[in-house]
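# Secondary and tertiary structure notes
For reference, the chains in residue letters:
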Amino acid sequence: MNRISFDTTSVFVGGRWRPGASGETLPLLNPSDGSLLAQIARGNAADVDAAVHAAEAALAGDWGRLSAAERGRLLLKMSARVAAQAEELARLEALDVGKPLRQGRADALALARYLEFYGGAADKLMGETIPFANGYTAFTLREPHGVTAHIVPWNYPMQIIGRSVGAALAMGNACVLKPAEEACLTALAFARIAGESGLPAGALNVVPGLGEEAGAALASHPGVRHVSFTGSVAVGALIQAAAARNAVPVTLELGGKSPQVVFADADLDAALPFLVNAGIQNAGQTCSAASRILVERPVFDAVLARMAERYRALTVGPALDDPEVGPLISARQREIVQGYLELVRDSGLTVAAQAALASTLPAGGFYVPPTLVAAVPGEHRIAQEEIFGPVQAVIPFDGEAEALALANGTPFGLVAGVWTRDGSRALRMARRLQCGQVFINNYGAGGGIELPFGGVKHSGHGREKGFEALYGFSTLKTVAIQHG
Ligand code: NAD
């Protein structure tokens, strides 16, 4: 079942597959059983340099000469191929990330949809004419930045490639993609699909490797004109500092501690599935995971009891068995999450429910039991820090003001959900929540490819997804013509 149908040990530069300059490889593990899945190239600064030059050549050559409509058609071709290969891509993601198959399928179809959306949008972003002084005609042009860097984490490789590379290509940039060292098979498969779809050589280059080698070289390369990064706050700060030295804009998506706020008048039957699923999806390794559930006191016990019931019934297992919760990405991530579970125990917090880990789980897999923690004080580390595992904190509140104070009371601000039947309150909350997306009586809007996404505070800045991403992946030029 670990069979990978293509060579995983190469970098993809200038439309060609070749070994990395170091000749070294890195092991890729299957999180479901800890076995060796594949070897990937240990790309380094020389590979990054070659990739940036290949991207520059593409901009000066075949890729740069395409019209916006032609770029759009290419993205639509890539979208169709991704959709046709969704099952294989889902299997690769399941093996590589430990993601349950159905989530892998959803991610593959999301990638296809991003390419479709941005393919359709490629020739629809227009400049403006400006009413300026008499004797002048002035207008603006939307232009690509040039070479864009895409440093991607391991949790949603396909979705994040879709939203950043898809938008960047639509605007005519040439991309250098650095997938995470823990999971990069679908990035390599995507490069193959791009090549087979006729994307001109160098428009997309993929250099797998370590963050501190290939990633750092890419973020600081003087030929890169824009950096898109998704990952941890600490690395995001390094990326921004590196890009600042070249005066280059960055988009940072750095995770969160997102709340769902449940008022006593909410439709609890509608809310319940979203409350739990948004905490356990991808084993909680989701930047927009709802890791805090804030519940108004009159319904606190009822919500907690119903969530606990659901937790006890969760299935945990190897990704290819398509359980509700798969393993974590790595032994390191499991250690981090286990550390938080110890903190729960040592601080005397109440575990409201924990899913059982079957004794038949593969011994080498990186599993942790999904855990629901009750009545967590808002300032506790469990309620403040991004755990990135299937652990949710349920926190009681009294009234709207306290709900807002709790919801806004972390260093993060990515997304929030509000459950209420009171329309005015929903709007007040939407206006006052400090975050990039608010969902009223839903959470996540089914992925919402069309909806601009990004954070405030430590969750980062800049927006991807939706039409808005096209502004981020382009720059504006003003032309003023004096003609008398
Ligand atoms: P990370 O930030 O270390 O890695 C993300 C990407 O950045 C990877 O491609 C990595 O190779 C690259 N990278 C690492 N160091 C780099 C450097 N010095 N210069 C340039 N690129 C570099 O994240 P991680 O180690 O995979 O996870 C650590 C924590 O980050 C997680 O526990 C979680 O809290 C958070 N995280 C958030 C998201 C998200 O979606 N926002 C995704 C993954 C991880």
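Per-chain numbering applies: the sequence of each chain, read as written, is numbered from 1 onward. Local features are withheld for residues below a pLDDT of 70 in this predicted model, meaning they are given only at 70 or higher, and side-chain atom pairs are given and counted only at 80 or more; totals for whole chains, interfaces and linings count all residues. Excluded from the side-chain calculations are hydrogens and water; all other atoms, namely the structure's heavy atoms, are used.

## A word on the overall build of the chain
How we decide: Runs of E in the DSSP output that reach at least two residues are strands. Runs of H or I that reach at least four are helices, and both are numbered from the N terminus. The quantity called the radius of gyration is restricted to C-alpha atoms. Its globule counterpart is 2.2 Å times the number of residues to the power 0.38. The buried label goes to any residue with under 20% of its type's maximum accessible area, the exposed label to any with over 50%, and the partly exposed label to all in between, with areas taken from a 1.4 Å probe on protein chains only. Contact definition: two residues touch when any of their heavy atoms are within 4.5 Å. Method for areas: the Shrake-Rupley scheme with a 1.4 Å probe, in which residue coverage is limited to the protein chains shown. Neither His nor the chain ends is counted toward charge; the positive residues are Lys and Arg and the negative residues Asp and Glu. Every charge is mapped to an atom, namely NZ of Lys, CZ of Arg, CG of Asp or CD of Glu.
Helix and strand counts for the chain stand at 16 helices and 20 strands. Relative to the globule expectation of 23 Å for 484 residues, the C-alpha radius of gyration of the chain, 23 Å, shows essentially globular dimensions. By principal-axis analysis of the C-alpha atoms, the chain measures approximately 70 × 60 × 40 Å. Looking at the chain as a whole, 57% of its 484 residues qualify as buried. Partitioning the contacts of the chain with sequence separation of at least 6, the portion at a separation of at least 24 is 75%. Summed over its atoms, the accessible surface of the chain is roughly 18,300 Å², and 54% of this surface lies on carbon and sulfur atoms. With 40 positive and 45 negative side-chain charges, the chain shows a spacing of 3 Å between the two charge centroids.

## Regarding the nonpolar core
Filter applied, for reference: Take the buried Ala, Val, Leu, Ile, Met, Phe, Trp, Tyr and Cys residues and link them wherever side-chain atoms come within 4.5 Å; each set so joined is a nonpolar core.
Ranked by size, the top nonpolar core spans 88 residues in total, and within it Tyr 118, Leu 169, Leu 199, Leu 204 and Val 227 carry the most contacts. Counting residues per element, this core draws most heavily on helix 5 (residues 101-121), which supplies 9 residues. Those residues in contact with Leu 169 that lie beyond four places of it in its chain are Trp 63, Arg 71, Leu 75, Met 78, Cys 175, Leu 199 and Ala 203. Counting 65 residues, the second largest nonpolar core, distinct from the first, contains Cys 287, Val 368, Ile 387 and Val 394.

## Thoughts on the packing of aromatic side chains
To keep things clear, this is the line we draw: Two rings from Phe, Tyr or Trp (for Trp, the six-membered ring) form a pair when their centres sit within 6.5 Å of each other. Planes less than 30 degrees apart are called stacked, planes more than 60 degrees apart edge-to-face, and all others tilted. Placement of a positive charge over a ring is assigned whenever Lys NZ or Arg CZ falls within 6 Å of the ring centre and within 35 degrees of the normal to the ring plane.
A full pass over the atoms with the stated rule returns 9 aromatic pairs. Arranged with centres 4.7 Å apart and planes meeting at 40°, the rings of Phe 12 and Trp 17 form a pair that is tilted. Using a relative accessible area of 6% as the deciding quantity, one classes Phe 12 as buried. Plain terms: the ring middles of Phe 132 and Tyr 136 are 5.0 Å apart, the flat faces sit at 75° to each other, and that makes the pair edge-to-face. A connected cluster of aromatic rings, assembled from ring pairs, spans Tyr 114, Phe 117 and Tyr 118. The cationic tip of Arg 425 hangs over the ring face of Phe 263; the distance from NZ or CZ to the ring centre is 4.0 Å. Sitting above the plane of the Phe 453 ring, Lys 465 keeps its charged end 4.9 Å from the centroid.

## Regarding the sheet that holds strand 13 (residues 292-296)
Selection rule: Following DSSP output, two strands are said to pair if at least two bridges run between them. Structural elements are reduced to axes, namely lines fitted to C-alpha atoms, with helices fitted over the stretch in contact, and the angle between N-to-C directions of any two is expressed from 0 to 180 degrees.
Spatially, 7 strands are ordered 14-15-16-13-12-17-18 in an open sheet, and the strand pairing comes out mixed. Here the strands that pair on one side only, and so sit at the sheet edges, are strand 14 (350-354) and strand 18 (437-440). Across the sheet, the mean angle from the axis of one strand to that of its neighbour is 20°, orientation sign disregarded. As paired elements, strand 12 (residues 259-262) and strand 17 (residues 415-419) share 3 bridges and run parallel to each other. Residue Val 262 lies in a different strand from strand 17, and its bridge partner there is Trp 419. Against the sheet, helix 14 (residues 399-408) makes contact with strand 12, strand 13 and strand 16 (391-397), and its axis sits at roughly 150° relative to strand 16, the strand it touches most.

## A few points about the domain arrangement of the chain
We apply this condition: Bear in mind that the domain bounds are from an automatic or database domain assignment. The working definition used for a salt bridge is a side-chain nitrogen of Lys or Arg within 4 Å of a carboxyl oxygen of Asp or Glu. What qualifies as a polar contact is a pair of N or O atoms within 3.5 Å, subject to a donor-acceptor requirement within protein and to the restriction that residues adjacent in sequence count only when both atoms come from side chains. Classification used: nonpolar for Ala, Val, Leu, Ile, Met, Phe, Trp, Tyr, Cys and Pro, charged for Asp, Glu, Lys and Arg, polar for all others including Gly.
In terms of domains, the chain is made up of domain 1 (10-254 + 461-479) and domain 2 (259-448). Taken together, the 27 residues of domain 1 in the interface contact 30 residues of domain 2. Residue Arg 102 is joined to Asp 322 by a salt bridge in which the shortest nitrogen-to-oxygen separation is 3.2 Å. The interface formed by domain 1 and domain 2 includes 13 residue pairs in polar contact (both at pLDDT 80 or more). Contributions of two or more residues to the side of domain 1 that touches domain 2 are made by helix 4 (86-97) and helix 5. No other element matches helix 4, which puts 5 residues into the side of domain 1 that touches domain 2. Tallied by class, residues from the side of domain 1 that touches domain 2 come to 12 nonpolar, 5 polar and 10 charged.

## Some details on the side chain of Thr 371
One can find Thr 371 in strand 15 (residues 371-374). For Thr 371, the side chain forms a polar contact with the side chain of Gln 354, separated by 2.8 Å. If we skip the residues at most four places from it in the chain, Thr 371 touches Tyr 311, Leu 341, Val 351, Ala 353, Gln 354, Pro 390, Val 391 and Gln 392.

## Considering helix 12 (residues 331-346)
Just so we agree on the cut-off: To estimate how far a helix should extend, the number of its residues minus one is multiplied by 1.5 Å. What the arc covers is the set of directions going from the helix axis to the C-beta atoms.
Between its first and last C-alpha, helix 12 extends 22 Å over 16 residues, near the 22 Å set by a 1.5 Å rise per residue. Listed in full, the buried residues belonging to helix 12 are Gln 333, Val 337, Tyr 340, Leu 341 and Val 344. One face of helix 12 carries all of its buried residues, which in axial projection span an arc of 100°. Those residues of helix 12 that are exposed and angled more than 90 degrees off the buried face are Arg 332, Glu 335, Arg 345 and Asp 346. Where helix 12 is buried, its residues touch strand 14, strand 15, helix 13 (381-384) and strand 16.

## As for the site of the ligand
Which entries qualify depends on this criterion: Definition of nearness: a residue and a molecule or strand are near each other if at least one heavy atom of the residue lies within 4 Å of the molecule or strand.
Taken together, 27 residues form the shell around the ligand, and within it Val 152, Trp 154, Lys 178, Glu 181 and Ser 232 come nearest. The side chain of Ser 232 places a nitrogen or oxygen atom 2.6 Å from an oxygen atom of the ligand. Between Glu 386 and the ligand, the recorded distance is 2.8 Å, taken from a side-chain N or O atom to an oxygen atom. About the coverage of the ligand: the protein hides 90% of its 800 Å² of free accessible area. If you list the elements that add at least two residues to the shell around the ligand, you get helix 8 (211-219), strand 10 (226-230), helix 9 (233-245) and helix 12. A per-class count over the shell around the ligand returns 14 nonpolar, 8 polar and 5 charged. Mapping the shell around the ligand onto the domain boundaries places at least three of its residues in each of domain 1 (10-254 + 461-479) and domain 2 (259-448).

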